[in-house]
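# A look at the structure
Spelled out, the chains give:
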Amino acid sequence: MTALHAKVAVLGALFGFTVSMVGFADFGELNAMFTFQDTRMLLAFAGGVAVAALGFLLLDPKRPTRTRIHKGVVPGAVLFGAGWAVSGGCPAIPLVQLGAGYLPAIVTLAGVASGMVAYRHLNARYLHIDAGSCSI
Amino acid sequence: MSAEYWPWWLGALAFGALVVAFPLLVGRRLGVSGAWERVLHWKTEREAERADAVLDDMSAFEAALAAETAAAFGAADNEAPGAVATVAAPATPSPEGAPAEVQRRMPLTTQLVLIVSIFAGGLIAALVSGRFEWHTDMGDAFRSIVTGGPLMWVVLFGGGVLVGIGTRMAGGCSSGHGLSGCSRGEPVSLVATAVFFGTAVAVSFLVWKVI
């Protein structure tokens, strides 16, 4: 356990805490956001982007290297959006759902893990999409 | 129920602060799908990490060797009298400061720490807000909007697979593209976020109204 690990642990825990307190682990809140019945979480997310943009501008104005829009971005985002809308999970949310006691989130996580492992094989064999440094 | 959740501005402040603090303190942008990807491929990532370490050692050795050579024999193509000082500068390879922190891969173990700590943060939030409760389903909303039967397991797993494939194909998820990338004004992240959000809106309406 180095200082780096400790920093990641604190920031990661604060992130999980925030995701939970905003309500992203709640499927009802998520569906209400995506169907614009309730704009609270939408504003939290968009507001977060705005606050971060301002923060970067003030604290770390140097721009990172630009990544090109490779051919996997649009189809990948379509699959991700559809999967998120039906399962209520992104790569972080099922962890937070599990933390709130929702046991079936383990199955969502198993799906995410399977998808990622499958994608690596699929990409190596058939797709050959080079995401470059765009692997966040 | 909804009233118990944070107001939008508190969420925005917390998300914004964390997205900025993460790269400043840790040296890499916050992105959860990338962390998963690396932890899931632990064995190959571990090997790559060892190879990188060897390469780092070698380039450090070469740099030291070059500096020593310059010190002992003087720089070949340098007419300035302060040869040693000027040669010493390129010997320490600082890649123009900027992209290094983004490109540089985090130690693999920190990625595992990130995943575990997100779970821990969620657990703490649920406990302090009194929302923690064991469920063998995904809650009332999921039951009424999607399904309550055994189909739930199929939807969760299948949706998870789409998330897994999609985030890696797009090179990021709601944290990496949506929060980190968009706040940096990166075109690739803006496109990815617009597309995954738009798709999620369309599919959510479909699930809510039709199914």
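First, a word on what this report is: a plain description of the structure on this page. Everything numeric in this text was worked out from a predicted model, so none of it was measured. (Residues numbered from 1 in each chain as written. Chains lettered and ligands numbered in written order. Predicted model: local features only at pLDDT ≥ 70, side-chain atom pairs only at ≥ 80, totals over all residues. Heavy atoms only, no water.)

## Concerning the interface of chain B and chain A
Applied cut-off: A contact between two residues is defined here by any heavy atoms of the two lying within 4.5 Å. Summed over both partners, buried area is the accessible surface (1.4 Å probe) that two parts give up on being assembled. One speaks of a salt bridge when a side-chain nitrogen belonging to Lys or Arg is within 4 Å of a carboxyl oxygen belonging to Asp or Glu. Nitrogen and oxygen atoms within 3.5 Å of one another constitute a polar contact, given that in protein one can donate a hydrogen and the other can accept it, and given that sequence-neighbouring residues count only through two side-chain atoms. The classification used treats Ala, Val, Leu, Ile, Met, Phe, Trp, Tyr, Cys and Pro as nonpolar, Asp, Glu, Lys and Arg as charged, and all other residues, Gly among them, as polar.
Across the contact, 117 residues belong to chain B and 104 residues belong to chain A. Regarding the contact of chain B and chain A, the summed buried area is about 10,000 Å², with carbon and sulfur atoms giving 77% of it. Per-residue buried area on chain B facing chain A is highest for Trp6(B), Met169(B) and Arg184(B); these three make up 8% of the total on that side. Run the count over chain B and chain A and you get three salt bridges. Arg120(A) is the partner of Glu37(B) in a salt bridge, and the nearest nitrogen-oxygen pair spans 2.9 Å. Counting the contacts that link chain B with chain A gives 15 residue pairs in polar contact (both at pLDDT 80 or more). Taken together, the residues of the side of chain B that touches chain A sort by class into 71 nonpolar, 35 polar and eleven charged.

## Side note on the packing of helix H1 (residues 3-22) of chain A against helix H1 (residues 8-26) of chain B
So the rule is basically this: Simply put, an axis is a line fit to the C-alpha atoms, just over the touching stretch for a helix, and the angle between two N-to-C directions goes from 0 to 180 degrees. Secondary structure elements are taken from DSSP: a helix is a run of H or I of four residues or more, a strand is a run of E of two residues or more, and numbering for both begins at the N terminus. Angles below 35 degrees are treated as roughly parallel, those above 145 as roughly antiparallel, those between 65 and 115 as roughly perpendicular, and all remaining angles as oblique. Handedness of a crossing follows from how the near helix is turned relative to the far one, being left-handed for an anticlockwise turn of less than a right angle and right-handed for a clockwise one.
At a closest axis distance of 10 Å, the pairing of H1(A) and H1(B) adopts a crossing angle of 165 degrees. Relative to H1(B), the element H1(A) lies roughly antiparallel. Crossing of H1(A) against H1(B): the hand is left-handed. In this structure, H1(A) contributes Leu4(A), Lys7(A), Val8(A), Leu11(A), Leu14(A), Phe15(A), Thr18(A), Val19(A) and Val22(A) to the contact, and H1(B) contributes Gly11(B), Ala14(B), Phe15(B), Leu18(B), Ala21(B), Phe22(B), Leu25(B) and Val26(B). Across the contact of H1(A) with H1(B), the residue classes tally to 14 nonpolar, two polar and one charged.

## A word on the pattern of salt bridges
This is how it is decided: Buried means the residue's accessible area, taken with a 1.4 Å probe over protein chains only, is under 20% of the maximum for its type, while exposed means over 50%, and partly exposed covers the values in between.
Tallying each qualifying case throughout the model produces 13 salt bridges over all chains. Among the salt bridges present, the one from Arg184(B) reaches Asp60(A), with a minimum N-O distance of 2.7 Å. A residue pair is termed interchain when its members come from two chains, as with Arg184(B) in the loop between helix H9 (174-183) and helix H10 (187-210) and Asp60(A) in the loop between helix H3 (40-59) and helix H4 (73-87). Judged on exposure class, the residue Arg184(B) and its partner Asp60(A) are both buried. Linked through salt bridges whose partners overlap, the residues forming this network are Arg120(A), Glu37(B), Arg38(B), Glu45(B), Arg46(B), Glu49(B) and Arg168(B).

Coordinates in, geometry out; function isn't part of it.
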